[in-house]
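Each chain, written out:
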Amino acid sequence: MAESYVDLTLQLENSNEAQSLFGPGDEHLKIIEEALKVSLVTRGEGISVRGDEESVTMVKEVVHTLHSLIKRGASISGRDVVYACQLVQQGMLDQLLELYQEEITTNAKGKPIKVKTLGQRHYVSAMKKTMILPLWRMMFFC
(Lines give C-alpha, C1' and ligand atoms only; values in the text may rest on other atoms or scores of the structure.)
Protein backbone atom coordinates (compact mmCIF):
# COMPACT_ATOMS: atom_id res chain seq x y z
CA MET A 1 0.00 0.00 0.00
CA ALA A 2 1.07 3.55 -0.59
CA GLU A 3 2.35 5.43 2.43
CA SER A 4 0.48 8.63 3.17
CA TYR A 5 0.95 11.58 5.46
CA VAL A 6 -2.02 13.11 7.24
CA ASP A 7 -2.26 15.89 9.80
CA LEU A 8 -4.89 15.56 12.50
CA THR A 9 -5.64 18.79 14.28
CA LEU A 10 -7.75 18.61 17.40
CA GLN A 11 -9.08 21.61 19.24
CA LEU A 12 -8.32 20.66 22.81
CA GLU A 13 -9.93 22.87 25.40
CA ASN A 14 -7.08 22.75 27.88
CA SER A 15 -3.77 21.11 28.63
CA ASN A 16 -5.48 18.53 30.88
CA GLU A 17 -7.37 17.21 27.85
CA ALA A 18 -4.15 16.93 25.85
CA GLN A 19 -2.39 15.21 28.74
CA SER A 20 -5.26 12.73 29.10
CA LEU A 21 -5.29 11.97 25.39
CA PHE A 22 -1.52 11.70 24.90
CA GLY A 23 -0.88 10.01 28.26
CA PRO A 24 2.04 10.51 30.61
CA GLY A 25 5.19 10.86 28.52
CA ASP A 26 3.03 10.34 25.40
CA GLU A 27 2.51 6.74 26.52
CA HIS A 28 -0.90 6.46 24.82
CA LEU A 29 0.50 7.65 21.51
CA LYS A 30 3.32 5.09 21.74
CA ILE A 31 0.72 2.35 22.25
CA ILE A 32 -1.17 3.52 19.16
CA GLU A 33 2.04 3.66 17.11
CA GLU A 34 2.97 0.11 18.03
CA ALA A 35 -0.50 -1.40 17.69
CA LEU A 36 -1.41 0.24 14.37
CA LYS A 37 2.09 0.36 12.80
CA VAL A 38 2.22 4.13 12.23
CA SER A 39 4.47 7.03 13.17
CA LEU A 40 2.96 9.80 15.35
CA VAL A 41 4.39 13.24 16.07
CA THR A 42 2.72 15.82 18.30
CA ARG A 43 3.00 19.54 17.86
CA GLY A 44 1.01 21.46 20.42
CA GLU A 45 -2.61 20.43 19.95
CA GLY A 46 -2.03 18.57 16.69
CA ILE A 47 -0.99 15.05 15.84
CA SER A 48 0.78 14.13 12.60
CA VAL A 49 0.32 10.56 11.44
CA ARG A 50 2.42 8.70 8.87
CA GLY A 51 1.54 5.24 7.65
CA ASP A 52 -0.49 3.33 5.08
CA GLU A 53 -3.99 4.62 4.33
CA GLU A 54 -5.83 1.96 6.31
CA SER A 55 -3.69 2.48 9.42
CA VAL A 56 -4.00 6.27 9.19
CA THR A 57 -7.78 5.93 9.01
CA MET A 58 -7.79 3.64 12.06
CA VAL A 59 -5.61 6.13 14.00
CA LYS A 60 -8.06 8.92 13.16
CA GLU A 61 -10.96 6.84 14.47
CA VAL A 62 -9.14 5.87 17.67
CA VAL A 63 -7.97 9.42 18.41
CA HIS A 64 -11.40 10.93 17.80
CA THR A 65 -13.13 8.26 19.90
CA LEU A 66 -10.71 8.68 22.82
CA HIS A 67 -11.06 12.46 22.55
CA SER A 68 -14.86 12.10 22.72
CA LEU A 69 -14.54 9.96 25.84
CA ILE A 70 -12.29 12.53 27.48
CA LYS A 71 -14.76 15.30 26.66
CA ARG A 72 -17.46 13.24 28.42
CA GLY A 73 -15.31 13.16 31.53
CA ALA A 74 -13.87 9.65 31.21
CA SER A 75 -10.39 8.94 32.51
CA ILE A 76 -8.36 7.12 29.84
CA SER A 77 -5.71 4.57 30.76
CA GLY A 78 -3.18 2.72 28.65
CA ARG A 79 -5.41 -0.35 28.83
CA ASP A 80 -8.26 1.65 27.30
CA VAL A 81 -6.00 2.74 24.41
CA VAL A 82 -4.92 -0.86 23.77
CA TYR A 83 -8.56 -1.96 23.79
CA ALA A 84 -9.55 0.86 21.41
CA CYS A 85 -6.82 -0.24 18.98
CA GLN A 86 -8.05 -3.83 19.14
CA LEU A 87 -11.65 -2.77 18.55
CA VAL A 88 -10.81 -0.55 15.56
CA GLN A 89 -8.97 -3.45 13.92
CA GLN A 90 -12.11 -5.57 14.36
CA GLY A 91 -14.38 -2.77 13.09
CA MET A 92 -16.13 -2.46 16.45
CA LEU A 93 -14.75 0.83 17.80
CA ASP A 94 -18.20 2.44 17.95
CA GLN A 95 -19.07 0.05 20.79
CA LEU A 96 -16.38 1.61 22.99
CA LEU A 97 -18.44 4.79 23.36
CA GLU A 98 -21.44 2.70 24.41
CA LEU A 99 -19.41 0.94 27.11
CA TYR A 100 -18.59 4.19 28.86
CA GLN A 101 -22.27 5.15 29.01
CA GLU A 102 -23.31 2.08 30.96
CA GLU A 103 -23.07 2.36 34.73
CA ILE A 104 -23.36 -0.78 36.85
CA THR A 105 -23.52 0.89 40.24
CA THR A 106 -21.56 3.33 42.39
CA ASN A 107 -18.92 2.64 45.01
CA ALA A 108 -19.02 3.87 48.62
CA LYS A 109 -17.59 7.24 47.59
CA GLY A 110 -20.23 7.72 44.90
CA LYS A 111 -17.89 7.05 41.97
CA PRO A 112 -19.61 5.17 39.13
CA ILE A 113 -18.54 1.63 38.36
CA LYS A 114 -18.66 0.92 34.64
CA VAL A 115 -17.88 -2.00 32.36
CA LYS A 116 -14.61 -1.62 30.47
CA THR A 117 -14.83 -4.37 27.83
CA LEU A 118 -17.47 -6.04 25.71
CA GLY A 119 -16.85 -9.28 27.60
CA GLN A 120 -17.60 -7.55 30.89
CA ARG A 121 -20.79 -6.09 29.40
CA HIS A 122 -21.96 -9.57 28.33
CA TYR A 123 -21.11 -10.95 31.77
CA VAL A 124 -23.03 -8.20 33.59
CA SER A 125 -26.02 -8.69 31.26
CA ALA A 126 -26.01 -12.40 31.95
CA MET A 127 -25.79 -11.78 35.69
CA LYS A 128 -28.72 -9.39 35.56
CA LYS A 129 -30.81 -11.91 33.62
CA THR A 130 -30.00 -14.80 35.94
CA MET A 131 -30.70 -12.71 39.04
CA ILE A 132 -33.83 -10.94 37.81
CA LEU A 133 -35.66 -13.89 36.25
CA PRO A 134 -35.56 -16.09 39.39
CA LEU A 135 -36.73 -13.14 41.52
CA TRP A 136 -39.54 -12.42 39.08
CA ARG A 137 -40.63 -16.06 39.13
CA MET A 138 -40.58 -16.12 42.92
CA MET A 139 -42.74 -13.00 43.12
CA PHE A 140 -45.43 -14.22 40.71
CA PHE A 141 -45.42 -17.98 41.07
CA CYS A 142 -45.02 -18.51 44.82
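Trainee: When you look at the overall build of the protein chain in this model, what are you seeing that I'm missing?
Mentor: A count of helices and strands for the protein chain gives six helices and five strands. Tracing the protein chain from N to C terminus, the helices and strands come up as β-α-α-β-β-α-α-α-β-β-α. Expressed as a percentage of its 142 residues, the buried residues of the protein chain come to 35%. Relative to all contacts within the protein chain whose residues are 6 or more apart in sequence, the contacts with residues 24 or more apart total 54%. A total accessible area of about 9000 Å² is found for the protein chain, and carbon and sulfur atoms account for 53% of it.

Trainee: Got a minute to help me understand the layout of surface pockets in this structure?
Mentor: Once rolled over the atoms, a probe with the size of a water molecule shows which space is left empty. By volume, the largest pocket is sized at about 280 Å³. Here the lining of the largest pocket is built from residues that sort into four nonpolar, three polar and four charged.

Trainee: Can you walk me through the side chain of threonine 65 in this structure?
Mentor: Within the element layout of this structure, threonine 65 appears in helix H3 (residues 53-71). Discounting residues that sit within four places of it in the chain, threonine 65 has contacts with Leu93, Leu96 and Leu97.

Trainee: Whenever I open this one, H3 confuses me. Can you help?
Mentor: Since one α-helical turn is 3.6 residues long, residues separated by three or four positions face the same way. Taking 1.5 Å of rise per residue, the 19 residues of H3 would be expected to cover 27 Å, and the 27 Å separating its terminal C-alpha atoms lies within 8% of that figure. Among the residues of H3, those classed as buried are Ser55, Val56, Met58, Val59, Val62, Val63, Thr65, Leu66, His67, Leu69 and Ile70. The N-capping residue of H3, defined by a side-chain oxygen 3.2 Å from the backbone nitrogen of glutamate 54, is aspartate 52. Once H3 finishes, glycine 73 follows within two positions and takes phi at roughly 95°, a positive value.

Trainee: I'm lost on the pairing of strand E4 (residues 103-106) in this one. Help?
Mentor: Side-chain direction in a regular strand flips from residue to residue, so the side chains alternate between the two faces of the sheet. In the sheet, E4 pairs with strand E5 (residues 112-114) via three bridges, with the strands oriented antiparallel. What sits directly across from threonine 106, in E5, is proline 112. What sits between E4 and E5 in their antiparallel hairpin is a turn of five residues, with glycine 110 showing a positive phi close to 90°.

Reading the values: rules and limits
- Per chain, the residues get numbers from 1 upward, laid out in the order the sequence is written.
- Owing to the predicted nature of the model, reporting of local features is limited to residues with pLDDT of at least 70; listing and counting of side-chain atom pairs is limited to 80 or more, with chain, interface and lining totals taken over all residues.
- The basis for the side-chain values is all heavy atoms of the structure; hydrogens and waters are excluded.
- Working definition: helices are DSSP H or I runs of at least four residues, strands are E runs of at least two. Numbering for both runs from the N terminus.
- Under the scheme applied here, a residue whose accessible area is under 20% of the maximum for its type counts as buried, over 50% as exposed, and between as partly exposed, the area being computed with a 1.4 Å probe on protein chains only.
- Any two residues whose heavy atoms approach within 4.5 Å at even a single point are treated as in contact.
- Reported accessibility uses the Shrake-Rupley method at a 1.4 Å probe radius. Residues are deemed covered only where the shown protein chains occlude them.
- Grid points spaced at 1 Å over the protein atoms alone were grouped into cavities, where a 1.4 Å probe fits but cannot get out, and pockets, open sets with protein on both sides within 12 Å along at least five of seven lines, with lining residues defined by an atom within 4 Å of a point.
- Grid points are joined across faces, edges and corners, and a volume is the space filled by probe spheres set on the points.
- In this classification, the charged set is Asp, Glu, Lys and Arg, the nonpolar set is Ala, Val, Leu, Ile, Met, Phe, Trp, Tyr, Cys and Pro, and all remaining amino acids, among them Gly, are polar.
- Expected helix span is computed as 1.5 Å times (number of residues minus one).
- Polar contacts, as counted here, are pairs of nitrogen or oxygen atoms within 3.5 Å of one another; within protein the pair requires one atom able to donate a hydrogen and one able to accept it, and residues that are adjacent in sequence qualify only if both atoms are side-chain atoms.
- One requirement defines pairing of two strands: DSSP has to find at least two bridges between them.

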